[in-house]
Amino acid sequence: MGRVIVIAFGIMIMTIILVQSILLMIPFIKRVEFDDLCYQYSARLIRDGELDESERLQLSQDLESLGFRNSSCSFPDDVSADCFIIKVRAFYPMKRIMPDFTTRELMMPFRFNISSIARLE
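Residues numbered from 1 in each chain as written. Predicted model: local features only at pLDDT ≥ 70, side-chain atom pairs only at ≥ 80, totals over all residues. Heavy atoms only, no water.

Things to note about the packing of aromatic side chains
Which entries qualify depends on this criterion: What counts as a ring pair is set by centres within 6.5 Å for rings of Phe, Tyr and Trp (its six-membered ring), and what kind of pair is set by the plane angle: stacked under 30 degrees, edge-to-face over 60, tilted for all other angles. Helix and strand definitions follow DSSP, with helices as H or I runs of at least four residues and strands as E runs of at least two, each counted in order from the N terminus. Relative accessibility decides the category of a residue: with a 1.4 Å probe and only protein chains considered, values under 20% of the type maximum give buried, values over 50% give exposed, and everything between is partly exposed.
Evaluation of the coordinates by the stated rule reveals five aromatic pairs. On the numbers, 5.6 Å between centres and 45 degrees between planes, the contact of Phe34 with Phe110 is tilted. Linking Phe34 in helix H1 (residues 2–48) with Phe110 in strand S3 (residues 103–116), this pair joins segments that are 76 residues apart in sequence. Residue Phe110 is classed as buried on the basis of its relative accessible area, which comes to 2%. Seen from their ring centres, Tyr39 and Phe112 are 4.9 Å apart, and the 85 degrees between their planes marks the pair as edge-to-face. Taken together, the positions of Tyr39 in helix H1 and Phe112 in strand S3 put the pair 73 residues apart, joining distant regions of the chain. Residue classification places Tyr39 among the partly exposed residues on the basis of a relative accessible area of 47%. The class for Phe112 is buried, based on a relative accessible area of 4%.

This is the structure:
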């Protein structure tokens, strides 16, 4: 009977470690998705010279569809400027297993900043 308890406890601990490992990988995966989407929009801005309001709203909606919350996007308004800075911020809700084996939701911040000295023509 004692061996069964030890084996059951071992399986339970291994399951907790596996779940926590998967939860720890999520920030890396979400970072790649976040950066990829932001790079797509920044490349479009560099190529076209501007992003209109509908494209800014579309970026926020795309981030929301990936699970991000409270996104804010800052793009240059002046098309004739020689330099510009793109800033995108969002939060992603993460679940963590605490030492008392309860789960807690944390908001992980993601930031994307890129600047350019001159636009390509």
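Structure shown, so let's carry the discussion forward.
Here we look at the pairing of S3
For the record, the criterion: Two strands pair if DSSP finds at least two bridges between them.
Relative to S3, strand S2 (residues 84–97) runs antiparallel, the two being bridged by 14 bridges. The residue of S3 that forms the bridge with Arg89 is Arg111. The loop that links S2 with its antiparallel partner S3 comprises five residues; one of these, Phe101, has a positive phi angle of about 65 degrees.

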